[in-house]
Amino acid sequence: MGQFLAASEAEGAAPSFDPDKLATIPETDRRWAWVEIDLAAIRHNAMAVKSRLARGCRLMAVVKADAYGHGAVRCAKTALNSGAEYLGVATVNEAVQLREALVNAPILILGEPPISSIPLLLAYKIMPSVYTAEFAIQYAEAADSLGLRAPFHLKVNTGMNRIGVRHDEVVAFMHQVGFHRALDLVGTFTHFATADCAETLDFQIQAKRFLEAVNALRAAGVDPGIVHAANSAAGIRYPEVHFDMVRLGISLYGFYPCPETYGEIDLRPAMSVHARVTDAKLVPMSEGVSYGMHYRSPGSVKICTVPIGYADGLRRGLSGNTDFIVDGKAFRQVGNICMDQCMFEVDLRTYATRRRVDPQIGDEVLIVGEAGDAVVTIDEMADKLGTIQHEIAIGFGCSRLPRIYR
């Protein structure tokens with residue numbers, strides 16, 4: 001303990017802790033729960049997709065939502081060193097964070113930001129998506145007043161009906177705003193709504209509409225710039241829509257966007273979730289565990305507690321419906337998952353035909369990951385909860401769990 005104390009000025013004085021020395025205590029020693037990110041997996045996934053693209057086709061690494069919970073700055077730099085040339089984010093602040101971390105690659109905000117954010121776009125050299133004339137003109141006016149250019153990507157609505165200029169109105173829109181000398185149309189893009197679905201009709205309709213919109217721009221003498229439409233699913237499934245750039249989102253982090261992509265490409269999950277046992281006790285038969293006591297001990301079981309809960313992304317809906325891994329063996333999570341803690345069961349009743357594992361306080365527990373013959377995946381959690389991997393990964397990664405890179 002003495003190593004964390006500041007030098008006392010007088011003998012017998014009250015102890016004074018040195019903040020700089022206290023700061024050296026690792027985050028994983030302050031709370032026994034954390035997330036690990038394998039940057040080698042990020043690198044592998046970026047290169048795996050890049051290798052599928054035609055020569056000259058760019059790769060955008062989508063690092064919005066703090067890189068889907070994996071850490072935007074570290075993942076962006078790793079992706080850029082692994083074949084990506086562009087970065088995609090959702091908000092101005094996400095882009096500013098990258099710039100302040102000395103990331104110099106082109107950054108596109110995948111939606112049109114508020115007009116009030118235009119000074120930040122110009123100051124940090126961030127490209128917005130544009131689909132309203134009011135934003136386009138004010139953006140151009142602000143840039144022109146400073147002697148700057150106003151680069152942007154035109155967002156085309158081809159049927160998803162979320163944001164964008166309608167596919168059959170793009171020429172009229174560009175005639176409306178294209179007169180401004182400061183505006184630079186750097187790219188034209190759309191979002192596919194069903195590239196990850198087995199049914200392909202809607203996808204084909206969107207692809208056709210987008211190609212017609214791009215061709216209409218060219219016929220009107222408007223250079224569409226970098227043409228891009230493919231997300232992770234389309235990037236893997238449909239090479240015909242790679243165009244000039246592919247936007248790699250969920251698959252950058254090792255997730256298959258749909259069953260149809262299994263076997264098409266080798267992806268490696270980058271995120272694993274870890275904890276350590278904080279308590280372990282024998283619970284007598286019929287006694288309950290956790291809030292509501294929906295689980296009761298069958299007897300001859302050890303109940304182990306780990307300091308991770310729904311505030312950390314381990315969704316309460318998984319209560320009693322997921323496994324934890326200790327020493328390469330899976331154990332059933334039991335009782336309601338609490339905000340900060342949860343429990344799992346170790347059956348002590350028979351070990352004649354299986355290897356005995358007896359967890360103790362301090363032993364490491366794998367909440368998500370693979371060890372030995374046991375595996376727990378974010379995909380499985382998402383299926384059980386009726387959601388998608390994105391939501392689960394972001395929940396773990398954007399919570400209060402420390403993030404460790406390796």
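Note that the coordinates shown come from a computational prediction; the quantities given were computed from them, not determined experimentally.

Participant: What is the right way to look at the side chain of K155 in this model?
Facilitator: Summarising the element assignment, K155 is placed in strand β6 (residues 150–157). The buried charged residue K155 lacks any salt bridge partner; its closest oppositely charged side chain belongs to E112, at an N-O distance of 11 Å. Look past the residues within four positions of K155 in its chain and what remains in contact with it is S129, V130, Y131, I163, G164, V165, F189, T190 and H191.

Participant: Would you mind going over the packing of aromatic side chains with me for this structure?
Facilitator: Two measures describe an aromatic ring pair: the distance that separates the ring centres and the angle between the ring planes. The full count for this structure, using the stated rule, is eight aromatic pairs. A ring pair is formed by F203 and Y238, whose centres lie 4.0 Å apart and whose planes are at 20°; its orientation type is stacked. With a gap of 35 residues between them, F203 in helix α9 (residues 201–219) and Y238 in the loop between α10 (232–237) and β10 (245–248) connect regions that are remote in the sequence. On the numbers, 5.6 Å between centres and 65° between planes, the contact of F210 with F243 is edge-to-face. Of this pair, F210 sits in helix α9 while F243 is found in the loop between α10 and β10, placing the two residues 33 residues apart along the sequence.

Participant: How do you make sense of the environment of L22 when you look at a structure like this?
Facilitator: Inspection of the secondary structure puts L22 in helix α1 (residues 19–22). Owing to a relative accessible area of 33%, L22 belongs among the partly exposed residues under this scheme. Along the backbone, L22 and F4 are 18 residues apart, and their C-alpha atoms lie at a distance of 6.0 Å. With sequence-adjacent residues up to four places away left out, L22 is seen in contact with F4, F17 and R30.

Participant: Just checking my understanding: could you explain the nonpolar core for this structure?
Facilitator: A general trend in soluble globular proteins is that nonpolar side chains are found buried together. Ranked by internal contacts, the top residues of the largest apolar core, which has 123 residues, are L98, L154, I308, L314, F344, I367 and F396. Core analysis: the second largest hydrophobic core is formed by seven residues, V289, Y295, V334 and M343 among them.

Participant: Please explain the pattern of salt bridges as it appears in this structure.
Facilitator: Where side chains of opposite charge bring their charged atoms close, a pairing between them can arise. All told, the structure shown has 17 salt bridges when counted by the stated rule. We note a salt bridge from K302 to D358, for which the minimum N-O separation is 2.6 Å. Taken together, the residues span a long stretch of sequence, with K302 in strand β15 (residues 301–306) and D358 in the loop between β18 (342–347) and β19 (364–371) at a distance of 56 residues. Given the relative accessible area of 9%, K302 is considered buried.

Participant: Help me understand the pairing of β10 in this model?
Facilitator: Look at any regular strand and the pattern is simple: side chains alternate between the two faces of the sheet. Side-chain alternation along β10 places M245 and R247 on one buried face and V246 and L248 on a second face that is also buried. As judged from the four bridges shared by strand β2 (residues 58–62) and β10, these two strands associate in the parallel manner. Pairing of R58 across the sheet is with M245, part of β10. For the segment spanning strand β9 (residues 226–230), α10 and β10, crossover handedness is right-handed.

Participant: Quick question: what am I supposed to make of the pairing of β6 here?
Facilitator: With seven of eight residues buried, β6 is to be regarded as a mostly interior element. By the bridge criterion, two bridges tie strand β5 (residues 129–130) to β6 in an arrangement that is parallel. Within β6, the residue paired with S129 across the bridge is H153. At this point the chain moves from β5, through helix α7 (residues 133–145), to the parallel β6, and the crossover so formed is right-handed.

Calculation rules
Residues numbered from 1 in each chain as written. Predicted model: local features only at pLDDT ≥ 70, side-chain atom pairs only at ≥ 80, totals over all residues. Heavy atoms only, no water. Helix = DSSP H or I, 4+ residues; strand = E, 2+ residues; numbered from the N terminus. Buried < 20%, exposed > 50% of the residue type's maximum accessible area, 1.4 Å probe, protein only. Lys, Arg positive; Asp, Glu negative; His and termini not counted. Salt bridge = Lys/Arg side-chain N within 4 Å of Asp/Glu carboxyl O. Contact = heavy atoms within 4.5 Å. Phe/Tyr/Trp six-rings, centres within 6.5 Å; stacked < 30°, edge-to-face > 60°. Core = buried A, V, L, I, M, F, W, Y, C linked by side-chain atoms within 4.5 Å. Pairing = 2+ DSSP bridges. Right-handed = clockwise from strand over helix to strand, strands pointing away.

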